[in-house]
Amino acid sequence: MPDFVPEKVGQVSVACKSLCLWVLALEHYHDVYKMVKPKQKTVDEAKEALKMAQENLQEKQASLAKIQDHLQVLQQQYNDSVAQREALRERKVLTTLRLKRASILITALADEKIRWADSMEELEGKLLGIVGDTLVSAGSIAYLGPFTAPYRRDMVARWVEWCHLSQIPVSENYTIIKAMVDPNTVRKWQSEGLPQDNHSTENAVFVKKGHHWPLMIDPQGQAVKWITEMEGAALKVVQADDPNYMRTMERAIRIGEPVLLQNVTEHLDPALNPILLKELIHRGGQDLIKIGDTEIEFNENFRLYMTSNMPNPHYLPAVCIKVTVINFTVTFEGLQDQLLSFVVKQERPVLEQQRGELLESIARDVTQLREFEDKSLSLLQKSEGHILDDQDLVETLQTSKKMSEEILHRVEESEVTQKKIEIARQKYLPVATRGAVLYFVLADLAYIDVMYQFSLPWFQGMFSTCIDVTSSLSESSSPIRPSSSSRPLSGRIRPPSSRNSPELQSRASTPSQHSTASATRPQSGTDFYTHLKKMIDNLTESIYKVVSKGLFAAHQLVFSFMLCTSIMRSNSNTVDKTAELGVITSLEWKAFLQGHVFASMMDPETEAKHDGLTAMQRLEASAGIGTGSASSSRKSSASSIRTTGSTIIVKSTPPKWITESSWKQCQYLSASIDAFSSLCMYILQNRDQWSAFAKSGNVYQTMSTKYDSAEETKGDSASESSKLGIFKWEKLGPFHKILLIKILRPEQLTSAVRLFVEELMGAKFLSTGSFDLKEIFAESSAKHPLIFLLSPGVDPTAELMRFAKETRGSTLHVDMISLGRGQGPKAEELISKAQILKGRWVFLQNCHLAASFMPRLQTIVDSFSKPNYDLDPQFRLWLSSKPDPCFPVSILQTGFKMTVEPPKGLKANLHLAVTSRRSTESWEDSAPGPAWKNMLFGLYFFNAIITERKKYGRLGWNIPYEFTMSDLEVSVEMLKMMLSENPEVPWEALLYLTGEVAYGGRVTDTWDRRLLDSILNKFYTPKALDPSYTYSCDKLYHPLPSSFSIDDVRVYVEGLPESDSPIIFGMDDNAEKAYRESQAKELIDTLLIVQPRLTTQMGTGRSNDDIVLEITTEILRQLPESVEEVDEVDNDAKAAESQKSHKISAFMNYGGGGFGTGGNKKKEEKVTKEEKPEDSQQAASALVTVLRQEIDRFDKLLGVIHSTVKLLTLAVKGEIVMSDQLEEMYTAILNQRVPKTWQQAAYESCKPLGSWTLDLQQRVDFMCKWSDQIANAAERRLKEKAAAAQGQTLPDIEDLDSLREQPRSFWLAAFFFPQGFTMAVLQNHARREGLSVDSLTFDFKVMTSPYDTEETLADVKQKINVKEVAYKGSTPPTEGVLVFGLFLDGARFDPLTHSLQDSRPEERFCRVPEIHFIPVQTSVTAPEASEVGSRTSTPMVKKTSVSEKSSERGKEMYECPLYRTSSRAGTLSSTGHSTNFVTAVNIPTEYPADTWITRGVALLCQLDD
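Residues numbered from 1 in each chain as written. Predicted model: local features only at pLDDT ≥ 70, side-chain atom pairs only at ≥ 80, totals over all residues. Heavy atoms only, no water.

Digging into the packing of aromatic side chains
Step number 1: One pass over the full model with this rule turns up 73 aromatic pairs.
Step number 2: Here Tyr-428 and Phe-528 contribute two aromatic rings whose centre-to-centre distance is 5.2 Å and whose plane-to-plane angle is 85 degrees, an arrangement assigned as edge-to-face. Of the two residues, Tyr-428 is situated in the loop between helix 14 (391–426) and helix 15 (429–448) and Phe-528 in helix 19 (residues 525–548); the sequence distance between them amounts to 100 residues.
Step number 3: Geometrically, the ring pair formed by Phe-598 and Tyr-668 is stacked, given 5.5 Å between the ring centres and 5 degrees between the ring planes. (Phe/Tyr/Trp six-rings, centres within 6.5 Å; stacked < 30°, edge-to-face > 60°. Helix = DSSP H or I, 4+ residues; strand = E, 2+ residues; numbered from the N terminus.)

Structure, rendered in structure tokens:
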């Protein structure tokens, strides 16, 4: 039905549509069912079939599973077999590789096994000694930095020995270098500029390993050089005197950069304390440091180095605990090696180049070898798994093996080659040794004068130039200088007349090339050693010429002697075929410098063994006591006898001309030096020979010839001396002769040293260096200042201005300024302007007066040498300064030094006066009148006399005065004016104006002014106008005729002798001898300045500490702790204390008087002498007060001695810190000097320590005995009163001397303040007579006794028994006091004529008999007109004495000053006199007083020894 569709039916009815859809669905279902039914049936059949098939399949699958399981088992078995086969194949390959690698390893490590075994053994040894090594190394780093190499070695040896004794193991042959650093590191340091000696390597260890920042003592700049190269461009260099250096420091701390702080002084900037102490603050995981008020971050990479250019700074303990002080001063071995490189580089440059390359190759190879070893060990350590599977390790070891073999082969070859090179280099070692000796001599000069500065770079440049013999021999001029950057030329200004010397020739400024010359230089055989000798001689002479010209004249001979003896001392340590000067051993040198110290420390056995007496003489002397036999006279000439209990001591007695100290030194020489064996015996037995020695005018020349004794030919008269023979002094070495002359004839030492130097080195080493400004200027440059080293009384300004005018025609280009307060900025401004303007010179005078400006001046001068600094070539900077530590060392080292000194000798002084331009103009002036030329020349002579007189020291002037040319010029002008304005010569006015104004203004001492007037009276006198008048008794010096022209005067002056006779100065031969002895002492003292501390003792093995402790123990044994304890030795403790208390009580209650009369004066005037009770007189005695004050002073001194000695003992033992005061005391005791601490509490004295101690002991005994007398007298008086009250009388005392209440005669030298003693005597007399003390003075009477003969008075060596003289004998005088123990200096008292007489030859000092000091009343009177010409500085007085007039009233009296010590000079007291001056004693004389005034005669309380 086509219309039966849902859509059409739905159009009719919706319900029908649904039915239609249902019907259609049923129809479709029917159709489908009919089609599906058969298929379902088929499906059911198929399912049945499927089920049957599945069941069959399951059966088949089960069978298959069984088969597969079996197959899998088989496959697994197969796989296992294949895997096993592959594993075996791989194992075969691996085993093959391992076998190969094992073979490689065995081969590569075969040699290492031995080395590692050795290393293990070494490490085990180090491990055993690690405790001791660590202990000694820590101590070395902490304490040994400041010390020298020998002291370090000694200390390490002591520490190692102590470790052994304490059972602390230490490695064998321990050194801090082996213990703390490996050789490769050392080689690296040395390649960076560190010197190759062990001392410098130790210093590098201290720098690197020290806990504190290093402070290096580096005067030669070696540490700076090393640090600069080691740190490279990152290093920040700052100066300690730069006010802004802390900014650089702070920046470096933040960033972690190294800083080098240079020129550190002895006092560190407090701002450095946080850095030095490393005061870090840990906050927030950061390290901070607080500098000032600012906290900044601290970078752990920051490093601080500090250096000081001071050669011997003294850092306080407060500084040493903050830093590691390290002594980087160049050592002899280090400098020797450096100079050897210079020599070889110049003589055999290829060899030195080869050596340098070889050392670099060795260092590089060893470093590379070490790197390979380290890499191998690192790979072995880091290897994981089987070691044979590490292919990289095996390859590295294989490569290392090959490289190691190559490197070891190269190293072995290099070492062999190096040995050959070193053998070749060692041939030139004598040249390097001489150079090192010369440098250390130059370095020692800085201790003599701070202006003698020579840098190491300058010396190295001079060394390189001077050893070039081929170029130097072709030049006849003085030595070639190194490059201008380091050439401090030096010299002295000479007068124009001496500027044409052939020595003054120009010097080449650059060294010649050596490469071509080295090929022709000999390298072996005789010619080679001749060549070496030429090099050494040229070097020595060149250095001497350059350096000597910059030294003061007083140090010229010292330098020559130091040069000669230093070379000889170095010869004792080396074997040198070129050495010709001989050898000086260490013992001989110490005996020369400090023989008196060694001699004083000889033990009694050694001293007795070498006293010069034979066994027979000793027996004869012992048996001849009191026998008066004929042999006793012969015996007494060589021996003396003294008894101690039952013991007889026989001592030798040397000839009179040998002092006790000299005799002890002779004994020391005899005991310690073979050349002087039996010296004392020769002296005692061969008196004729040694008498000739004592009288010889040239001892050195005398000892060079054999002594020919006429006694040797006498048969019967031959004595024991003929058996002994004569002393063969001609066989002594040159230095042995000097040593003997120094001991026995010290006045001849200076001349002997000249002959010594001339004999060994030639006269050319005695020439005085001098040249003019023209030569100096020609060799100078704008970069280097020209420095005048000034002497007192000399001004180079006139000479410089004259030279400036000669050079430029005027002086307008010279700008001068005298430095002082506030002048520094002006000087800097002048220098700045001079560099802008062309051709300017700047002269800065008196730099020593501007210490604060010197650092700025150093900066300015240093800037001249900076690169690209624009400096006018014509600019010159002139400087003048007296020797002063404030003057910059760097300027002295680079500048041109010129010493400016006054002329020496009468002839030179007169020559300077008559050759000046002003003298030429003045001489021909006729306006002053006919007396003009005569008096002008007399004035010149007077100026020369008073200027040169100071060479006689204390005999010349009490205080040395520096008279200048301005004094002479002013006097000449005054003389000209007075003669022009007056028709007659106004003598009185001239004497006053010249003696009191022009010259007298400089004279501060009263007695020096008297001397000045006395000398002037010889020239300003009417007698001088007499043609026959002479200035000296030998008529050599006399006024010149008025007809003489100035040229005639100069001819006369040129004809005068070079050496001055003592006669012209009013002196005698003893004064000349004293002058020469002072020269010798000055020479020895100067040499001692540069010597290290005394370190050894003659053959006893005692150390310095032992010697000091022994001396101090002996001092404490000799000296009591107070004056009251002197007599307590023989009593027990209780009795002694009781006696002491009683004595003090009686003494203190005894006297109540003082120096003045006080309020009792009027009462005392009303009481006559007869009415005064005796007790009242003694109670008012001023002498008791003086005694009490003296005892207090002695007690204070003794207390200081005992307390300081105890502290020193503790310090020496290490129980307390050795302070500066104790160290000075230690050195003084070691050198037999009185320590300064004791001097400050003691009386004035010039004695050495031994004599000073004995003298103090005698003084204390004198004062103790006096106080005992007063106490005993007071006690006796009290007992007498008590007995009288009871009607009894005390028994008489046999010893009447004990009843005295004061000494019979006073030892004036015993007083601290002898002026107080003399005033007390006047005080007592004033009280007794009712007079004013101011109206009293002393009259003097010399009290000779039968024992006062010429011989006894001349024997000043004989000790005085003070107690015997002072407290025994006749009753003391009723008026005044007796004084004993005085000495005359420059004259003698003749007991026959009872007057002053000339001293006997060789006897400068003489004893004086007792002098009676008699108080007398004075009245001032006006001087008579006739006495005006011979004025004195003291008022004329008329003395009225209550005692009888002395018998010497008819004789002329010499007012002789009395001094406490021979130094005479002291501080000016309120009395107008020196504190050394006691009083003036009038002594009778048969000669005019001017004779003794010009001779400097004085009384002394004590001698120097």
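Back to the text.
Examining helix 21 (residues 586–600)
Step number 1: In helix 21, a bend of some 95 degrees at Gln-594 exceeds every other bend along the element.
Step number 2: Burial analysis of helix 21 places 11 of its 15 residues in the buried class, the great majority of the element.
Step number 3: Residues Glu-588, Trp-589, Lys-590, Ala-591, Phe-592, Leu-593, Gln-594, Gly-595, Val-597, Phe-598 and Ala-599 constitute the buried set of helix 21.
Step number 4: Of the surrounding secondary structure, the elements contacted by the buried residues of helix 21 are helix 20 (556–571), helix 25 (660–672), helix 30 (734–744), helix 31 (749–761), helix 44 (1069–1089) and helix 50 (1220–1230). (Bend = angle between axes of the 7 residues up to and from the residue. Buried < 20%, exposed > 50% of the residue type's maximum accessible area, 1.4 Å probe, protein only. Contact = heavy atoms within 4.5 Å.)

Some details on the sheet that holds strand 6 (residues 294–297)
Within a sheet, each strand pairs with its neighbour through backbone hydrogen bonds, oriented either parallel or antiparallel.
Step number 1: Reading across the sheet, the three strands line up as 4-5-6 and stay open at both edges, with antiparallel pairing between neighbours. Two strands close off the open sheet at either side, each with one partner strand: strand 4 (280–283) and strand 6. On average, adjacent strands in this sheet sit at an angle of 40 degrees to one another, irrespective of strand direction.
Step number 2: Bridge analysis of strand 4 against strand 5 (residues 286–291) gives four bridges, and the strand direction is antiparallel. Residue pairing for strand 5: Ile-281 is matched across the bridge by Leu-288.
Step number 3: Contacting strand 5 and strand 6, helix 9 (residues 245–255) runs over the sheet at an angle of about 40 degrees to strand 6. (Pairing = 2+ DSSP bridges. Axes fitted to C-alpha atoms, helices over the stretch in contact; angles between N-to-C directions.)

Focus on the environment of Glu-347
Step number 1: With respect to the helices and strands, the residue Glu-347 is situated in helix 12 (residues 332–347).
Step number 2: Each C-alpha atom of the pair Glu-347 and Ile-467 lies 9.1 Å from the other, and the pair is 120 residues apart in sequence.

Brief notes about the side chain of Gln-336
Step number 1: Relative to the elements of secondary structure, Gln-336 occurs in helix 12.
Step number 2: Note on Gln-336: relative accessible area 13%, which makes it buried.
Step number 3: In this structure the side chain of Gln-336 is engaged in a polar contact, spanning 2.5 Å, whose partner is the side chain of Thr-433.
Step number 4: Dropping the residues within four chain positions of it, Gln-336 is found in contact with Leu-429, Ala-432, Thr-433 and Ala-436. (Polar contact = N/O pair within 3.5 Å; in protein donor to acceptor, adjacent residues only side chain to side chain.)

Looking at the sheet that holds strand 8 (residues 324–327)
Step number 1: The parallel open sheet is built from five strands, whose spatial order is 2-3-7-1-8. The sheet is open, and its two edges are formed by strand 2 (236–239) and strand 8, each paired on a single side. Direction aside, neighbouring strands of the sheet carry axes that sit 25 degrees apart on average.
Step number 2: Both strand 2 and strand 3 (residues 258–262) contribute to a ladder of four bridges, which runs parallel. The residue of strand 3 that forms the bridge with Gln-239 is Gln-262.

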